[in-house]
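# Summary of the model geometry
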Amino acid sequence: MTQPGRREIGVDRRLSTLGWMNTRFDVVVVGGGIAGVSAAAELSRNRTVVLLEREPTLAYHTTGRSAALFFGSYGHPDTIPLTRASLEWFNDPPHVDHPVLTPRGAMTVVFSGALPDLAGGIPITAEEAAERVPALRSDLLVGAVWEPDATDMDVAGIHQAYVRQLRSNGGTIVTSSEVTALRAGSPWRVITPDGIWEADHVVNAAGAWGDEVARLAGLRPVGLTPKRRTAFMVAATPDSERWPLVTDAGHNFYFKPDGTQLLCSLADETPSEPVDARPEDIDIALAIERINDATTLQIRSIRSSWAGLRTFAPDGSMVIGPDPDEPTFHWLVGQGGTGIQTAPAAALLLDELLIGGPTPAGAPFDPARFR
Ligand SMILES: Cc1cc2nc3c(=O)[nH]c(=O)nc-3n(C[C@H](O)[C@H](O)[C@H](O)COP(=O)(O)OP(=O)(O)OC[C@H]3O[C@@H](n4cnc5c(N)ncnc54)[C@H](O)[C@@H]3O)c2cc1C
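The model shown is predicted, which means the values in this text are computed figures rather than measured ones.

### Notes on the domain arrangement of the protein chain
- Each assigned domain of the protein chain is listed with its residue range as follows: domain 1 (13–65 + 155–224 + 315–370) and domain 2 (106–148 + 226–309).
- Distance between the C-alpha centres of domain 1 and domain 2: 33 Å.
- Taken together, the 8 residues of domain 1 in the interface contact 10 residues of domain 2.
- Contact between domain 1 and domain 2 buries roughly 710 Å² in total, counting both sides, with carbon and sulfur atoms accounting for 51%.
- Along the contact surface separating domain 1 from domain 2 lie 1 salt bridge.
- Here Asp-276 ties to Arg-65 by a salt bridge, and the two come within 2.7 Å at their closest N and O atoms.
- Summed over the shared surface of domain 1 and domain 2, the result is 7 residue pairs in polar contact (both at pLDDT 80 or more).
- The residue inventory of the side of domain 1 that touches domain 2, partitioned by class, reads 4 nonpolar, 2 polar and 2 charged.

What follows is the structure in structure tokens.
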């Protein structure tokens with residue numbers, strides 16, 4: 001990710017210093033989170049691409065605030081194939097000189113009712129769960145599902161790999177550049193404080209602001225709901241470094257080791273406006289209470305906290321492909337809680353759809369399904 005305050009402009013400096021500029025590209029990508037950079041990088045193989053990001057740094061919003069777990073069984077059923085298909089890229093990422101996945105494992109713990117049937121998951125007893133995470137109160141557990149294939153992701157490394165790929169293909173990144181208006185046509189005219197960017201295609205990768213960007217283009221929104229999720233760090237215990245992620249089957253909390261700390265969350269999903277999300281004390285207190293009830297961790301204080309918006313379409317699946325009313329406007333939104341782990345395959349799909357024209361009726365992720 002870029003240094004705070006650094007402004008990245010790959011276009012002709014003379015034009016930018018003159019203020020207004022008028023520059024023609026094949027594609028303008030709106031948004032510099034993981035969705036925007038991965039799409040821009042894939043598209044830049046065969047097209048001229050400019051990526052516009054409103055904030056001074058890329059990945060400032062949800063992408064920089066994730067729990068960084070690749071979790072094969074997690075998310076909407078339609079997105080699970082995207083997660084699986086992304087493994088090929090994650091296992092051999094271009095433009096990065098170290099592995100971006102590190103073995104972690106995940107354990108879904110069950111306090112009442114039947115164990116969930118998770119693809120690739122192995123049912124284990126309460127005692128076996130407590131062998132993996134001794135802090136768990138096995139006397140309260142029905143059992144758990146063990147997923148050995150879950151891994152930690154190096155989100156900054158993944159994001160940066162796509163930035164490098166985009167740059168090496170001659171792509172342009174402009175930060176501190178909010179898209180304030182979009183005029184449909186051939187070409188599109190995308191208006192920012194730096195000037196007017198012309199392009200044959202627009203990609204909407206604006207995360208929680210996806211519907212707002214569509215409205216700026218005069219298009220109908222798909223009905224996105226950003227949902228706040230809170231996370232915080234507490235001190236680790238001496239043996240916690242090797243623990244898997246522990247998540248409660250009732251979606252009441254999760255925790256996982258993160259270096260010398262434990263990353264904890266309430267697994268909350270509070271509907272929000274698209275904003276720079278902030279953690280609420282009440283959500284942190286509730287998470288601590290639930291984790292303390294389920295474990296012997298006795299958390300009393302936190303070291304840091306943050307919140308991010310996981311943004312969902314009305315059916316919880318992703319929205320990828322051309323707008324039904326304006327086929328040169330391409331949606332890449334609604335990533336929910338799986339936007340990092342699905343990004344490589346989602347970017348390739350967007351690239352294919354951009355070449356292929358209208359999406360076949362009934363295809364997964366089709367923006368037209370909300371009409
Ligand atoms: C606590 C938490 C834990 C998570 N854990 C995981 C996990 O373990 N695994 C996983 O895969 N996912 C996880 N996620 C979800 C994942 O982080 C998101 O799905 C993903 O980051 C979404 O990426 P994005 O690029 O769509 O959005 P963002 O990163 O929010 O990027 C959108 C960008 O668009 C920009 N933008 C908006 N409007 C404009 C405009 N008008 N002009 C210019 N730029 C604009 C914004 O400034 C922003 O930078 C988690 C999320 C949270 C909050």
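### Thoughts on helix α2 (residues 34–43)
- With 10 of its 10 residues buried, α2 lies for the most part within the structure.
- Within the span of α2, buried status applies to Ile-34, Ala-35, Gly-36, Val-37, Ser-38, Ala-39, Ala-40, Ala-41, Glu-42 and Leu-43.

### Quick look at the site of the ligand
- Around the ligand lies a shell of 38 residues, among which Glu-53, Thr-63, Leu-69, Gly-336 and Gln-341 are the nearest.
- Measuring from an oxygen atom of the ligand, one finds a backbone N or O atom of Gly-336 at 2.9 Å.
- For the ligand, whose free accessible area comes to 1,000 Å², the fraction covered by protein is 97%.
- For the shell around the ligand, the secondary-structure elements that each account for two or more residues are α2 and β18 (304–312).
- Looking at the shell around the ligand residue by residue, the classes come out as 15 nonpolar, 16 polar and 7 charged.
- Each of two domains, domain 1 (13–65 + 155–224 + 315–370) and domain 2 (106–148 + 226–309), supplies a minimum of three residues to the shell around the ligand.

### Topic: the sheet that holds strand β4 (residues 101–103)
- Strand order across the open sheet formed by 3 strands is β3-β8-β4, with antiparallel pairing between neighbours. The open sheet has two edge strands, β3 (69–70) and β4, and neither has a second partner.
- One ladder, built from 3 bridges, connects β4 with strand β8 (residues 151–153); its direction is antiparallel. Bridging from a neighbouring strand, Thr-102 pairs with Asp-152 of β8.

What counts and how
- Residues numbered from 1 in each chain as written.
- Predicted model: local features only at pLDDT ≥ 70, side-chain atom pairs only at ≥ 80, totals over all residues.
- Heavy atoms only, no water.
- Domains from an automatic or database assignment.
- Contact = heavy atoms within 4.5 Å.
- Buried area = accessible area lost by both parts, 1.4 Å probe.
- Salt bridge = Lys/Arg side-chain N within 4 Å of Asp/Glu carboxyl O.
- Polar contact = N/O pair within 3.5 Å; in protein donor to acceptor, adjacent residues only side chain to side chain.
- Nonpolar A, V, L, I, M, F, W, Y, C, P; charged D, E, K, R; others polar.
- Buried < 20%, exposed > 50% of the residue type's maximum accessible area, 1.4 Å probe, protein only.
- Helix = DSSP H or I, 4+ residues; strand = E, 2+ residues; numbered from the N terminus.
- Near = heavy atom within 4 Å.
- Areas by Shrake-Rupley, 256 points an atom, 1.4 Å probe, with all protein chains shown as cover.
- Pairing = 2+ DSSP bridges.

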